Amino acid sequence: MPTKIALAGNPNSGKTTLFNALTGSNQYVGNWPGVTIEKKEGKLRSDTYKDITIVDLPGIYSLSPYTLEEVIARDYLITENPDAIINIVDGTNLERNLYLTTQLAELGIPMVVAVNMMDIVEKNGDRINLDKLSEKLGCPVIGISALRKAGITEAAEKAAELANKKVPMTPKHRFSDELEHAIESIEGLLGDRVEDKNKRWTAIKVFERDIKIMERLDLDDSLKERIENIIDGCETDMDDDSESIITNERYLYISSIIKDCYRRKSNKKMTTSDKIDRIVTNRWLALPIFALAMFAVYYLAVTTVGTWMTDWTNDVLFGEIIPPAMESFLDSIGTAPWLQSLILDGIIAGVGAVLGFIPQMLVLFLALALLEDCGYMARVAFIMDRIFRKFGLSGKSFIPMLIGTGCGVPGIMASRTIENERDRRMTIMVTTFIPCGAKLPVIALISGALFNGAWWVAPSAYFVGIAAIIFSGIILKKTRMFSGDPAPFVMELPPYHRPVAGNVLRSMWERGWSFIKKAGTIILLSTIVVWFASSFGIVDGRIVMVDDVNDGFLSKIGGAIAPVFAPLGWGQWQATVATITGLVAKENVVSTLGILYGFAEVAEDGFEIWGLLASSFTVLSAYSFLVFNLLCAPCFAAIGAIRREMNNTKWTLFAIGYQTLFAYAVSLSIYQLGMLFTGNGFGIGTAAAILIVALFLYLLMRPYRERPIEAASVQASM
Ligand code: BGO
């Protein structure tokens with residue numbers, strides 16, 4: 001049996017960094033909570049100790065049963081019984097981190113405390129007396145810097161040594177006499193139902209009336225009553241509820257440790273990070289700065305740097321170089337006309353159209369990775385918490401959306417950290433409104449081909465997504481299904497740092513590569529299906545290859561559905577089919593349009609690429625098409641993630657139905673009201689749009705069912 005060492009600590013204390021350094025893994029290191037939701041395992045790289053497994057537990061502030069992370073971490077610690085614990089403690093936040101340490105110590109499992117971020121502690125001029133801390137806690141304490149890989153082997157090997165010697169942890173701290181008396185009495189009543197080593201921890205949890213522990217112990221009624229009498233007595237004596245009694249006593253103990261072991265440099269000056277944050281998170285400036293940052297990201301990616309590269313890929317590589325070269329090669333080997341058409345008009349037109357947008361995607365991912373790596377994105381969650389809270393939402397809901405700018409699937413999965421079921425469901429429903437990387441080709445295509453690269457189109461796509469989230473949040477929060485107070489949101493704001501080239505490039509490449517892989521698999525397969533369905537049709541009762549795509553199966557299927565989208569301004573069958581294939585993967589919208597509007601052929605003929613597409617849309621219908629595709633049901637992979645996270649078919653259908661209906665209503669309003677204001681008259685569609693806007697306004701303005709608390713968001717530390 002391998003020796004198991006669990007890594008436990010607060011969120012953002014550096015667990016993942018330490019785990020990666022100890023095991024040589026490459027887990028994602030991020031600066032917002034919920035990044036490590038499940039536990040991860042890896043082998044310790046050590047010359048002295050072999051076969052040691054390190055288990056990285058989710059970040060937790062305590063061993064209470066209130067959050068999913070806490071439940072996963074403590075279940076592991078109690079039931080799997082690791083051989084030792086490395087409790088990683090953020091040295092720049094000693095007081096708060098020791099709260100968990102005091103609880104872990106009570107589990108009786110051999111433990112080493114690794115005080116991390118010592119590089120920052122030293123830089124700040126603060127002092128931690130590690131020897132005294134070790135004496136006070138009753139276990140080895142080692143100063144480390146996980147980032148700089150200093151002291152980490154010593155900490156891991158010390159934990160391995162304790163594990164091998166099976167040295168149980170005996171906490172040094174004692175609570176007040178009344179409380180100790182109550183705990184000892186409960187320990188006595190528990191008898192041999194609990195192993196000796198975690199009897200104290202269990203007794204404390206029972207004293208706190210921890211439901212999950214009580215259920216696990218399955219005590220009979222008379223025993224429960226005797227325990228309740230002990231707790232009641234102590235509560236009366238100490239004039240507080242049992243949970244608060246324990247919390248207060250812990251903090252009293254921690255204060256005494258801090259007094260003896262920690263010296264903060266007096267007259268500490270404001271750090272550079274603090275100075276930047278005074279501007280970046282300022283009540284009035286935060287939002288304009290965020291809007292400017294996201295505008296710059298999309299403008300750079302879609303309208304400037306990204307476009308130069310995409311234009312070359314589209315016009316030259318997939319326009320002048322690959323199609324003619326491939327055609328003459330296929331001619332030279334005598335390829336059958338249908339196969340030539342499949343390769344040129346299907347695969348190259350479809351996959352090539354998507355690949356053409358990869359440079360823009362990479363620029364987008366690079367810009368987002370830079371913002372994330374320097375620490376700005378963590379501030380965005382904090383800023384959005386302030387705004388969301390006004391509408392009864394929590395900033396916790398914004399983290400899945402930040403993650404969703406890469407791909408909706410991990411974004412939806414990140415909603416697991418939201419404890420409140422109603423908020424979690426609502427977050428899942430709105431997360432995919434944020435344009436993910438796969439929607440970027442659609443945005444870039446519409447912006448480039450139909451708006452002549454207008455500067456505002458791409459950034460507006462992001463803001464349409466944010467607006468959809470906020471409006472949906474307000475509307476849904478006012479319904480019985482989602483009403484309730486927003487969950488509190490506690491988050492570390494790590495100091496800003498210069499982005500690390502390796503991290504940024506890795507993040508950009510990982511996201512970009514997954515799209516390239518998708519182009520070679522699911523999109524390739526979809527283009528083949530689209531080509532077949534558009535190139536074959538029934539003529540004189542026989543299935544034959546048709547010369548004109550308008551005679552193919554796809555035009556008939558698309559044509560039957562297209563009237564549904566006519567009020568949105570794009571009732572042509574090609575746009576309808578593109579939207580439907582977008583359900584398989586959003587990039588398919590572009591590849592399908594590439595096939596149906598002859599992307600490769602047009603280039604070959606020397607016409608401006610995408611010219612045919614541009615001629616079948618107006619400015620209004622193009623924007624309505626873009627908005628619908630941004631907001632409607634996401635791709636199948638994201639729908640699958642919604643299904644998994646909702647764990648309920650009705651909720652999944654409700655989510656997809658809501659998204660699609662919302663997208664339809666918004667696109668219809670944009671098109672119909674746009675037509676009205678541009679002097680194109682009043683029709684049934686206009687009346688429907690006015691009704692929709694009125695309904696929207698009513699749903700937005702009506703009172704909340706339960707008033708959300710106006711609690712200020714908690715900024716844990718700076
Ligand atoms: C970011 N020293 C310093 N200076 N930083 C450290 C150390 C250390 O010893 N150890 C970790 N960090 P996680 P959890 C970041 O990601 O391992 C940093 O949640 C950033 N990222 O680099 O993820 C580490 O697993 C942008 O910081 O912790 C990481 O426990 C700006 O602490 C953070 C600033 O580490 C959390 C920091 C995009």
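Because the structure is a prediction, the values reported are computed rather than measured.

About the cut-offs
- Residues numbered from 1 in each chain as written.
- Predicted model: local features only at pLDDT ≥ 70, side-chain atom pairs only at ≥ 80, totals over all residues.
- Heavy atoms only, no water.
- Helix = DSSP H or I, 4+ residues; strand = E, 2+ residues; numbered from the N terminus.
- Rg over C-alpha atoms; globule rule 2.2 N^0.38 Å.
- Buried < 20%, exposed > 50% of the residue type's maximum accessible area, 1.4 Å probe, protein only.
- Contact = heavy atoms within 4.5 Å.
- Core = buried A, V, L, I, M, F, W, Y, C linked by side-chain atoms within 4.5 Å.
- Salt bridge = Lys/Arg side-chain N within 4 Å of Asp/Glu carboxyl O.
- Patch = residues over 30% accessible without salt bridge, like charges linked within 9 Å, V, L, I, M, F, W, Y side chains within 5 Å.
- Areas by Shrake-Rupley, 256 points an atom, 1.4 Å probe, with all protein chains shown as cover.
- Near = heavy atom within 4 Å.
- Polar contact = N/O pair within 3.5 Å; in protein donor to acceptor, adjacent residues only side chain to side chain.
- Nonpolar A, V, L, I, M, F, W, Y, C, P; charged D, E, K, R; others polar.
- Phe/Tyr/Trp six-rings, centres within 6.5 Å; stacked < 30°, edge-to-face > 60°.
- Lys NZ or Arg CZ within 6 Å of the ring centre and 35° of its normal.
- Pairing = 2+ DSSP bridges.
- Axes fitted to C-alpha atoms, helices over the stretch in contact; angles between N-to-C directions.
- Lys, Arg positive; Asp, Glu negative; His and termini not counted.
- Charge placed at Lys NZ, Arg CZ, Asp CG, Glu CD.
- pLDDT = per-residue confidence, 0-100.
- Domains from an automatic or database assignment.
- Buried area = accessible area lost by both parts, 1.4 Å probe.
- Parallel < 35°, antiparallel > 145°, perpendicular 65-115°, else oblique.

Visitor: Please set out the overall build of the protein chain residue by residue, giving values where relevant.
Guide: Each helix and strand counted, the protein chain has 33 helices and twelve strands in total. Computed over the C-alpha atoms, the radius of gyration of the protein chain is 30 Å, within 12% of the 27 Å expected from 2.2 N^0.38 for a compact globule of 718 residues. Expressed as lengths along the three principal axes of its C-alpha atoms, the size of the protein chain is roughly 95 × 60 × 55 Å. Per-residue burial over the protein chain gives 56% buried out of 718 residues. Here the analysis covers contacts within the protein chain between residues at least 6 apart in sequence; of these, 73% occur between residues at least 24 apart.

Visitor: Hey, could you go over the nonpolar core for me, with residue numbers and the actual values?
Guide: Phe290, Tyr376, Phe398, Leu593 and Leu631 are the most contacted members of the largest nonpolar core, which totals 108 residues. Counting residues per element, this core draws most heavily on helix H22 (residues 457-477), which supplies twelve residues. Sequence-distant contacts of Tyr376, that is, excluding residues within four places in its chain, are made with Val280, Ile289, Phe290, Ala293, Leu371, Ile383 and Tyr496. By size, the runner-up hydrophobic cluster in this structure holds 59 residues, among which are Ile85, Val121, Ile186 and Phe207.

Visitor: Before we move on, could you go through the pattern of salt bridges and cite the residues and values that matter?
Guide: In the structure shown here, the tally under the stated rule is 22 salt bridges. Linking Glu161 and Lys158 is a salt bridge whose minimum nitrogen-to-oxygen distance equals 3.6 Å. Taken together, the residues span about one helical turn, with Glu161 and Lys158 both in helix H6 (residues 152-165) at a distance of three residues. What makes Glu161 partly exposed here is its relative accessible area of 25%. Given the relative accessible area of 26%, Lys158 is considered partly exposed.

Visitor: Tell me about a nonpolar patch on the surface, and name the residues and values.
Guide: On the surface, a cluster of nonpolar side chains totalling about 390 Å² of accessible area is made up of Leu300, Val305, Trp308 and Met309. Of all the elements, helix H14 (residues 305-332) adds the most residues to the nonpolar patch, at three residues. For Val305, the location among the structural elements is in helix H14. In this structure Val305 comes out as partly exposed when scored by relative accessible area, which is 31%.

Visitor: Give me the lowdown on the site of the ligand, citing residues and values where you can.
Guide: Looking at the ligand, there are 25 residues lining it, with Asn12, Lys15, Thr16, Thr17 and Asp373 nearest. In the model, an oxygen atom of the ligand is placed 3.0 Å from a nitrogen or oxygen of the Ala146 main chain. Out of a free accessible area of 750 Å², the ligand has 91% covered by protein chains. Element by element, the count of residues in the shell around the ligand is highest for helix H1 (residues 15-23), at three residues. A per-class count over the shell around the ligand returns nine nonpolar, twelve polar and four charged.

Visitor: An account of the packing of aromatic side chains is requested, with residue identities and associated values reported.
Guide: Note on aromatic pairs: each is described by the distance of the centres and the angle between the planes. On inspection of all chains with the given rule, the structure shows 25 aromatic pairs. The interplanar angle of 15° and the centroid separation of 4.9 Å between the aromatic rings of Tyr99 and Tyr251 together place this pair among those described as stacked. Within this pair, whereas Tyr99 is found in helix H3 (residues 94-105), its partner Tyr251 is found in helix H11 (residues 242-261), the two being separated by 152 residues in sequence. Looking at Tyr99, the relative accessible area reads 13%, which means it is buried. For Tyr251, a relative accessible area of 31% gives the class partly exposed. Both rings, one in Phe565 and one in Trp570, keep their centres 4.6 Å apart while their planes meet at 15°; by these two values the pair is stacked. Here Phe565 matches Trp570 in class, with each residue buried. Among the aromatic residues, those joined into a cluster by ring pairs are Phe290, Tyr298, Phe398, Tyr462 and Phe463. Lying over the aromatic face of Tyr496, Arg379 brings its terminal NZ or CZ to 3.9 Å of the ring centre.

Visitor: An account of the sheet that holds strand S4 (residues 84-90) is needed here, citing residue identities and associated values.
Guide: Strand order in the open sheet made by the six strands is S2-S3-S1-S4-S5-S7, with mixed pairing throughout. Edge positions in the sheet fall to strand S2 (40-43) and strand S7 (141-143), since each of these pairs with one other strand and no more. Averaged over all neighbouring strand pairs, the angle between strand axes comes to 25°, with direction disregarded.

Visitor: Account for a negative patch on the surface, naming residues and giving values.
Guide: On the surface, Asp218, Asp220, Asp221 and Glu225 cluster together to form a negatively charged patch. In this structure, Asp220 sits in the loop between helix H9 (211-217) and helix H10 (221-238). Overall, the relative accessible area of 41% leaves Asp220 in the partly exposed class.

Visitor: I'd like a rundown of the confidence of the model for the protein chain, residues and numbers included.
Guide: Summing up the model confidence of the protein chain, the mean pLDDT is 87 and the portion of residues at 70 or higher is 93%. Low pLDDT (under 50) marks residues 602-607, which in the prediction has eight contacts with non-local residues, meaning those over four places away or in another chain. Scored below 50 in pLDDT, residues 707-718 makes 31 contacts in the model with residues more than four places away or belonging to other chains.

Visitor: An account of unusual backbone geometry is needed here, citing residue identities and associated values.
Guide: Positive phi, normally seen in glycine, also occurs at Lys149, with a value near 60°. When you line up the elements, Lys149 lands in the loop between S7 and H6. On the basis of relative accessible area, Lys149 is assigned to the exposed category, the value being 54%.

Visitor: Lay out the domain arrangement of the protein chain in plain terms, naming residues and giving numbers.
Guide: Per the domain assignment, the segments of the protein chain are domain 1 (3-165) and domain 2 (177-263). The distance between the C-alpha centroids of domain 1 and domain 2 comes to 25 Å. Contacts between the two partners involve 28 residues from domain 1, matched on the other side by 25 residues from domain 2. When residues of domain 1 are sorted by the area they lose upon contact with domain 2, Tyr99, Glu106 and Lys136 head the list and together hold 25% of the total. Seen at the junction of domain 1 and domain 2, the total is four salt bridges. Taken together, the links from domain 1 to domain 2 amount to eleven residue pairs in polar contact (both at pLDDT 80 or more).

Visitor: How would you sum up the environment of Leu700? Please name residues and give values.
Guide: Inspection of the secondary structure puts Leu700 in helix H33 (residues 684-701). For Leu700, a relative accessible area of 18% gives the class buried. In this structure, the C-alpha to C-alpha distance between Leu700 and Ser397, residues 303 residues apart in sequence, is 19 Å.

Visitor: Provide a residue-level description of the packing of helix H21 (residues 440-450) against helix H30 (residues 619-631), including the pertinent values.
Guide: For any two helices packed against each other, the geometry comes down to the angle between their axes and how far apart the axes lie. In the contact formed by H21 and H30, the axes pass within 10 Å of each other and the chain directions differ by 175°. The orientation of H21 relative to H30 falls into the category roughly antiparallel. For the pair H21 and H30, contact is made by Val442, Ile443, Ile446 and Leu450 and by Ala622, Phe625, Leu626, Asn629 and Leu630, respectively. Classifying every residue of the contact of H21 with H30 by side-chain character gives eight nonpolar, one polar and no charged.

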